[in-house]
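# Notes for the structure review
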Amino acid sequence: IYIILLLLWSCSWSTAANNNNNDDNDDNDDDPWQYDTRHAGRQHIMRHHHTQPSDCDMYMAPSSIPHSGWGMYTTIPLKEGDIIQPVDLTIQVHDTGKHRKTQNLVYSQRLPTWVMRQYYWDTSVTDAMYEAKSGSTIIPSYGMLANSHPGLVNLDNRGVLYHTKEQRRKDNPWIGSYTTWKNQSFVVTQDLPAGHELFAEYGDAWFKQRTEMFGYLPLSRDYAKADRLLDKFETLCQSSFQKKEEEEAEEESSSSSYCRDLWNVSYDFIQHYNPEEDLDEESEFTVSRMGNALPSTLEGVIKIQTSEYGGTAFHLQPNVIRSNDWLRDEGLCLDHMEPRELLLNGNNNNNNGGGGMGAFAKRFLPKDTIVAPAPLIHMHKQHLQVLLMDKDYRKSTDYHTIFWKGHQLLLNYCYGHVSSSVLLFPYSPVTNFINHANGHQTPNVGLRWSSYMSQPDWLSLTTEELLSTHDDHAGLMMEFVALRDIEQGDEILLDYGTAWQEAWDQHVQNFTTATIKKEDLDYIEARDYIVDPLPTVKDNGFQKKALPANLMTLCWIDDDTMKVIDKKKRIYQWKGRNSRRHKDQSKAQECWIQEVTEVEPSHHSSEEEKKSGNHQGRKQQQPQRAIFYTYTVKIGKSNRKNNKKSGKTVVGVPRDAMEVVDRPYTRHQYLRHAFRHEIQLPEDMVPLKWRDLEEPPQPYFTKFAAAAAAVNDENDENDEKDDTLSSKIDKDKNDCGLYMAPSLIPNSGLGMFTAKTIPAKSKVFNGDVVIQVEDYQVNRRLRHWYHDITTTTTDDDDDDDDEKEEEKEEEPEWHLHDYYWQSSSTLGEFEAQDVSSIVPGLGMLANSHPGLVNVYMKPPQRSTGNLHRSLHPEAGSSSQYHDVHYRSTNENIEAGSELFVEYGDAWFSARTEAFGLLPLSQDFDDSMALLVEYFEQQLKKNWDQHSEKKWMGFFNYEMKQREKRIRREREKQLKENNGESEYPSEPKEFDKWLRDTQIRFANALPSSYKEVQYYLEHGTATVSVPQHAVQSIDYLKEHGICLDHIQPVEVEEEEEEEEDESLTFPSRSHRGAVAVRSLREGQIISAAPVVPIRRHHLEIWDANHYVDQKKAGTPWFLNSQLLLNYCYGHANSSLLLFPYSPVVNYINHHPTKYNAKLQWSTNQQFNKKELLEMTPDELMLYNKSGLVLEIVATQDIQPGDEVFLHYGMDYETAWQEFQQNWKPPPDSEQYVSSIDLNRDWLTPIRTIYEKEDYPPNIRTVCTVPDLAGDLNHHPKVTVVEPNQRYQATWFYQSNMYTNLDKAHLCQVLSRYGGFALESVQPDLEVYTVSIEFTQDDDDRDEMTTTMVFTNVPRRAIQFYDHEYTSDATALRGKDQVFRHEIGLPTDIVPTVW
């Protein structure tokens, strides 16, 4: 044992003394993605040289490491220090972890693990540490195809020899579409014979992080220590031999036996050391791993020690050197191509891989030659997706807005197909330099699957199977094959496919018509920035121009390089080394130059600086200078608003400790408008099971204009969007999923039922339109003044008039009053002074139940439909609010369930006369809690013994206790809040309210003890509705009408063959209704229950005063509400009918292609015929629904066909007359819609201090958190000036984006962050905003208070038009905006109407 310990100790000591490189390796053990590029371990002397083949210098063949796939072999001898050929490119990927988390959140699904994670290199290897906040480097060829072995490393990654110079942004459509990291090189670290396998340095950390996969493999230090152990063992064993021969002259076998016994004991001790008990895994000597590097027998030791190659690593890998004949038989040539620079001309669009470079034939290649094998990394398209969202997107569960959607640069080097989610990245040498053969060139190579592929069975897997079950290694391979003879020096060209070419052509078209921004013209790379001295943050006489915005200065400063000058003022003197080359990159930090001081060369300069002048940054050529400078810098946090830097001031920092680098995300590859598209695989190479995209998604090219690039999305969209009409149809809808049938709530008319199970938190069917009604009460008052009539109710707006006017004529309230939604919920609050929202579909047809709400509203999207009032007569003729939809709550909705939306408890409380004292939502919750308490009490005793008497006793006791609690709470509030309370303040009012509240609560409870268990089992709310609010599907089919035969889509306006422009009619903001499934002639497309209203209800009036009739004078009529365009009516009738079933309001007019008609429903359950015999006045007094129209197919309609009605000849004539007389409103050319501004999420919002202001119709609205309570004592509020000015940091509150309840008019004071404009930088600008509001004060009537919020994200700031300036409210004249009802056929209009 003593000898063994002596061996181990001497080995450890020798290693520590003689192999310092291995100690340095430990620094990276904590980071699995940090690769040490230094070679560690024993140098092995090679003595055998093989004949090199004349046709290929590099082969891909099975690796000598078992089960490790392919390896790379040289067929020519290589010398230490040689740069191994061919060199290749490097691709940087950024923020993959962040974007993946974003996708998991937005799409509510987890992506499969990315295989590429096994091949990452640290960005420091390629000097790309500052490219992005988080980055990784992809190095094909030797960085991915070459294997690694901790004890046999013979390649050193030397990074990129030089970068391709970035082109100017303003005139290059391919800018940012290729990597500039070219000539990635590896250097041979030792002489290698022909046939030797090449091993790159992955780093010990890489293997340690994969112990579960590889086991306790020896690391580089373990092989080195094992080699030293064998050397010591050989020395000890030989000494023993000599001693025994001299003293005892025993035979050699005895000496051998002694050595064998000694080795067996030593090996057994080391080999059986339990790795699980190795508590100090990070110690200098790891016995368990080293044991796996040792031979098990003495013969093995002798073989290693006497081998001409030597070393334990070679002992474990005996086939590291192969014969060239074996390589020709078993391998594939890798160096038929070499990268070269291109001579670009105007006809070149070879941007993929190119950037001024291409792949060229190294030798003559006959037709059908495998020009290059291409092993592949498989991935999902979404692995490369880049989603830009607000910084608080993870906290927001109510509404996700995607500001921009794009892809990593790596996409341009991948192969795929528009019908598949699979992407393939080739990683063999030079293949990523192969350019596209454009229209002026002919491809000379094609693609095919390789017969050498290790996993051909993967081609029969589905996309999900391929990506989910094979996520830890590559297995697919294709080949580039010569289509004809290729001469030496010819460029290798491939056809990238039609989809790629079309996307590129579109990108070029968009780019050439784009406006070039100033920052594009001022852009300069750090490596081209040669300035001496460097500029300060302000002009101090040394500089003429400040540091460009895309650059920043880094300083290598830490506590070891500073000494204190003034601790109080935090001023320090530089005392460190002069060269940053000795500094760890992690110690670099941004610094701001305050002053520049000229010094003599002898001061603060190294010998190198004296010889060459100031060091000006890595790989930057600098002019020879005899003048030297030191710098006073600030380090630490910066305040970008006023350029003041907090932190420390350091004096005397030499230039050699500083570096100018590109700011993250400012280099060209991070531009949002850079071209992105995968290379197309041939059709015959795409397996059917990979074609998981039913229709081709929209091209991946990104439009240059920011407004066009903005994408608003929600977490229900799981796939790429597609603009083709057929792709928007859910093809798996053969059976109806949504029905209209009698509601299960008694006397509640019709309801909506789902015929399919709806998962929790999912979108419920289709979105619909929202129609805003402006100032209904004001218009009603002005109309009454004009006609000298009064209403039956006192208007809430007329607060100044206490005298009731004499009633001369009664006018009933219009029926739509019961269907109003708050305009804050539909984003229409700022359209006018008083706005009410009409939400057809689920918003009107679905019933509500306080305890059974299973769907909730999501706000609509606003869209102009690409209409502008200066160009399009149809502007203002349709709503700009679309896709208001509903989502299921936190529980699945069972098939057959009735859908209940939330009206709110206040809605039911206000209608007690109609519904009685119904339990409200809190009553159902409290009643369930009470029943649970009762059940638990009885269960502890004996449930069988409980009785009606016990139940009533418990019930009465709890009711009394509940009343006492409410009274105590009211008294407490009155006392603490100076007589104010949430309860009624007057005692009589409170007593009545309390009585009603107790009755509502009691109505939610069972009337008998026998029902308690039943109520507990199903819920108090559920049992309040017959059949538990669920119908059978058979019942729905028999007694209901299908409502989802059609769905809304965006449609493009067709070009008519006729030259008559009058045949072009306004659409619903370029939206229409299309068939989901086949509809036969005569089939009901949809039922349309209607609300009857009168024409005068929709009149818009104006006057000189809106409150005082005397001041008003005579009101005058302007036009009709937008709602008129969505109503059915007849020229001879004052009655209008508004349809409110889903999607029917998207059915457009067509004079010739109409395929549907209107008729009255013959179903007596739905359509009450007696209503058709009532006069319009009588219908206004009938306050229940009962009229139902049907939209019927007049011909067979196929899925995807748009459904059209004929709106009638009166409508056509009215439109033609309007179109002929229409002229653009005055100054309409200057109008900019707030909707268009909101589409561009990524352009920074201007502050109030910037010269360029927004158009006068635009105002800014900020969504901020609710700060309830006294602001002077609020924990999150800083009091700047009591009762007048406060400040707080913005924070997210749940559901704050679902409506405008937390939205206020605001001013943007400043912005900060987001240096990389037009880039994919994930952290966008944040803002400081101020909000003014008025509040009552005891001493003064009114007081203005200002609240300032800092750190406000872009998502919280929206643009809205000022009141009465949008298309819907500003265009008033009959010659400015079109208004006309949809014509009812004369034969279905009752005579009494």
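Predicted model only: the values in this text are computed from it and were never measured.

## A short note on the overall build of the protein chain
Scanning the protein chain from N- to C-terminus turns up 29 helices and 60 strands. Taken over 1393 residues, the protein chain has a buried fraction of 56%. For the protein chain, long-range pairs separated by at least 24 residues make up 80% of all intrachain contacts whose partners lie at least 6 apart in sequence. In the form shown here, the protein chain has an accessible surface area of approximately 63,200 Å², with 47% of it arising from carbon and sulfur atoms.

## Digging into the sheet that holds strand β60 (residues 1382-1383)
Strand order across the open sheet formed by six strands is β49-β50-β43-β47-β46-β60, with mixed pairing between neighbours. With partners counted over all chains shown, the strands left at the sheet margins are β49 (1156-1160) and β60, one partner each. Alignment of strand β43 (residues 1084-1094) against strand β47 (residues 1135-1139), held across five bridges, turns out to be antiparallel. If you follow V1091 over to β47, its bridge partner there is F1138.

## Comments concerning the packing of aromatic side chains
A full pass over the atoms with the stated rule returns 46 aromatic pairs. Where F233 meets W263, the ring centres are 5.1 Å apart and the plane angle is 70 degrees; that geometry is what we call edge-to-face. Of the two residues, F233 sits in helix α6 (residues 220-247) while W263 sits in helix α7 (residues 252-271), which places them 30 residues apart along the sequence. The buried category is assigned to F233, whose relative accessible area is 2%. When its relative accessible area of 1% is taken as the criterion, W263 is described as buried. Relative to F908, the ring of W907 lies with its centre 5.2 Å away and its plane at 80 degrees, an arrangement referred to as edge-to-face. The same class applies to W907 and to F908, which are both buried. By the ring-pair criterion, three or more aromatic residues cluster together here, those being W121, Y142, F186, Y202, W206 and F207.

## With respect to the pattern of salt bridges
Per the counting criterion, the structure on display carries 35 salt bridges. Residues D923 and R962 are paired through a salt bridge, measuring 3.7 Å at the closest nitrogen-oxygen approach. Separated by 39 residues along the polypeptide, D923 in helix α20 (residues 921-941) and R962 in helix α21 (residues 948-976) bring together distant segments of the chain. Each member of the pair, D923 together with R962, is buried. Taken together, the shared-partner salt bridges in this structure form one network comprising E131, E525, R527, D662 and R667.

## Topic: helix α17 (residues 776-787)
With 12 residues, α17 ought to run about 16 Å at 1.5 Å a step, and its terminal C-alpha atoms sit 16 Å apart, in line with that. Among the 12 residues that make up α17, nine are buried, leaving the element largely enclosed by the rest of the structure. Of the positions making up α17, those classed as buried are Y776, V778, N779, R780, R781, L782, R783, H784 and W785. Residues of α17 that are buried make contact with β32 (763-774), β44 (1099-1102) and α25 (1109-1112). Positive phi shows up at D788, right after α17, with a value of about 60 degrees.

## With respect to the nonpolar core
By size, the foremost hydrophobic cluster in this structure holds 93 residues, and its most contacted members are L816, L1123 and F1138. Apart from the residues lying within four places of it in its own chain, the contact partners of L1123 are I771, V773, W814, L816, I1093, L1098 and F1138. M60, L89, V422 and L424 belong to the second-largest nonpolar core, a separate cluster that totals 92 residues.

## Describing the side chain of H1149
By the secondary structure assignment, H1149 is in strand β48 (residues 1148-1149). Using a relative accessible area of 5% as the deciding quantity, one classes H1149 as buried. Within the structure, the side chain of H1149 is placed 2.8 Å from the backbone nitrogen of Y1207, a separation counted as a polar contact. Here E1212 takes part through its side chain, which lies 3.2 Å from a polar atom of the side chain of H1149.

## Focus on the state of the cysteines
Summed over the entire model, instances satisfying the criterion amount to five disulfides. Disulfide partner of C736: C1042, at an S-S distance of 2.1 Å. Here the disulfide of C736 and C1042 is right-handed, its torsion about the S-S bond being about 100 degrees. With C736 in the loop between α16 (706-709) and β30 (738-742) and C1042 in strand β40 (residues 1041-1042), this residue pair connects regions lying 306 residues apart in the sequence. Accessibility classification places C736 together with C1042 in one group, the buried group. The disulfide pattern of the protein chain is 1-4, 2-3, 5-6, 7-8, 9-10 when the bonded cysteines are numbered in sequence order.

## What about the sheet that holds strand β11 (residues 370-380)?
Taken together, six strands build an open sheet; the order of strands is β17-β18-β11-β15-β14-β29 and the sheet is mixed. The outermost strands of the open sheet, each flanked by one partner alone, are β17 (445-449) and β29 (679-680).

## A word on a positive patch on the surface
A cluster of basic residues, K960, K964, R965 and R968, forms a positive patch on the protein surface. With respect to the helices and strands, the residue R968 is situated in helix α21.

## Here we look at the side chain of N854
For N854, the position within the fold is in the loop between β35 (847-848) and β36 (855-858). Residue classification places N854 among the buried positions, given a relative accessible area of 12%. Those residues in contact with N854 that sit more than four places away from it in its chain are R887, S888, T889, I893, E898, L899 and F900.

## Focus: the pairing of strand β53 (residues 1277-1281)
Consecutive residues of a regular strand have side chains that alternate between opposite faces of the sheet. Pairing analysis gives four bridges linking β53 to strand β54 (residues 1285-1289), with the strands arranged antiparallel. Residue pairing for β54: T1278 is matched across the bridge by Q1287.

## Focus on the environment of R484
Along the chain, R484 turns up in the loop between β18 (476-482) and β19 (493-494). When the C-alpha atoms of R484 and L365 are compared, they prove to be 8.5 Å apart, with 119 residues separating the residues in sequence.

## Quick look at unusual backbone geometry
Going from Q85 to P86, the amide bond is cis rather than trans, its omega being 0 degrees. Looking at the element boundaries, P86 is found in the loop between β2 (70-74) and β3 (88-94). Going from D532 to P533, the amide bond is cis rather than trans, its omega being 0 degrees. In this fold, P533 is placed in the loop between α14 (518-522) and β20 (551-556). For D1227, which is not glycine, the phi torsion reads 60 degrees and is therefore positive. Position of D1227 among the secondary structure elements: in the loop between α27 (1209-1221) and α28 (1234-1239). According to the relative accessible area criterion, D1227 is exposed, its value standing at 59%.

## Remarks on the confidence of the model for the protein chain
With 79% of its residues at a pLDDT of at least 70, the protein chain reaches an overall mean of 81. Contacts for the low-pLDDT stretch residues 603-623, under 50 throughout, to residues beyond four places or in other chains number 57 contacts. Low confidence marks residues 1055-1062, where pLDDT is under 50. Its contacts with residues over four positions away, or in another chain, come to six contacts.

## A look at the environment of S824
Note that S824 resides in the loop between β33 (821-822) and β34 (835-838). Along the primary structure S824 and A1303 are separated by 479 residues, whereas in three dimensions their C-alpha atoms are 8.9 Å apart. Not counting residues within four places of it along the chain, the set of residues in contact with S824 comprises E829, N1299, L1300 and D1301. At 3.1 Å, the side chain of S824 forms a polar contact with the side chain of D1301.

## Focus on the packing of α21 against helix α22 (residues 987-1003)
The contact between α21 and α22 brings their axes to 11 Å, and the two run at 145 degrees. The crossing of α21 and α22 is right-handed. Taken together, the residues of α22 that come into contact with α21 (itself represented by F955, M959, R962, E963, I966, R967 and R970) are P987, F990, D991, W993, L994, T997, Q998, F1001 and A1002. Looking at the contact of α21 with α22, its residues break down into nine nonpolar, two polar and five charged.

## Some remarks on the environment of D662
For D662, the location among the structural elements is in strand β28 (residues 658-662). Taking the C-alpha atoms as reference points, D662 and A526, separated by 136 residues in sequence, lie 5.4 Å from one another. Residues within four places of D662 in sequence aside, it is in contact with Y130, Y523, I524, E525, A526, N550, L551, M552 and R667. At 3.4 Å, the side chain of D662 forms a polar contact with the backbone nitrogen of A526.

Conventions we followed
Residues numbered from 1 in each chain as written. Predicted model: local features only at pLDDT ≥ 70, side-chain atom pairs only at ≥ 80, totals over all residues. Heavy atoms only, no water. Helix = DSSP H or I, 4+ residues; strand = E, 2+ residues; numbered from the N terminus. Buried < 20%, exposed > 50% of the residue type's maximum accessible area, 1.4 Å probe, protein only. Contact = heavy atoms within 4.5 Å. Areas by Shrake-Rupley, 256 points an atom, 1.4 Å probe, with all protein chains shown as cover. Pairing = 2+ DSSP bridges. Phe/Tyr/Trp six-rings, centres within 6.5 Å; stacked < 30°, edge-to-face > 60°. Salt bridge = Lys/Arg side-chain N within 4 Å of Asp/Glu carboxyl O. Expected span 1.5 Å × (residues − 1). Core = buried A, V, L, I, M, F, W, Y, C linked by side-chain atoms within 4.5 Å. Polar contact = N/O pair within 3.5 Å; in protein donor to acceptor, adjacent residues only side chain to side chain. Disulfide = S-S within 2.5 Å. Patch = residues over 30% accessible without salt bridge, like charges linked within 9 Å, V, L, I, M, F, W, Y side chains within 5 Å. Lys, Arg positive; Asp, Glu negative; His and termini not counted. Charge placed at Lys NZ, Arg CZ, Asp CG, Glu CD. pLDDT = per-residue confidence, 0-100. Axes fitted to C-alpha atoms, helices over the stretch in contact; angles between N-to-C directions. Left-handed = near helix turned anticlockwise from the far one by under 90°. Nonpolar A, V, L, I, M, F, W, Y, C, P; charged D, E, K, R; others polar.

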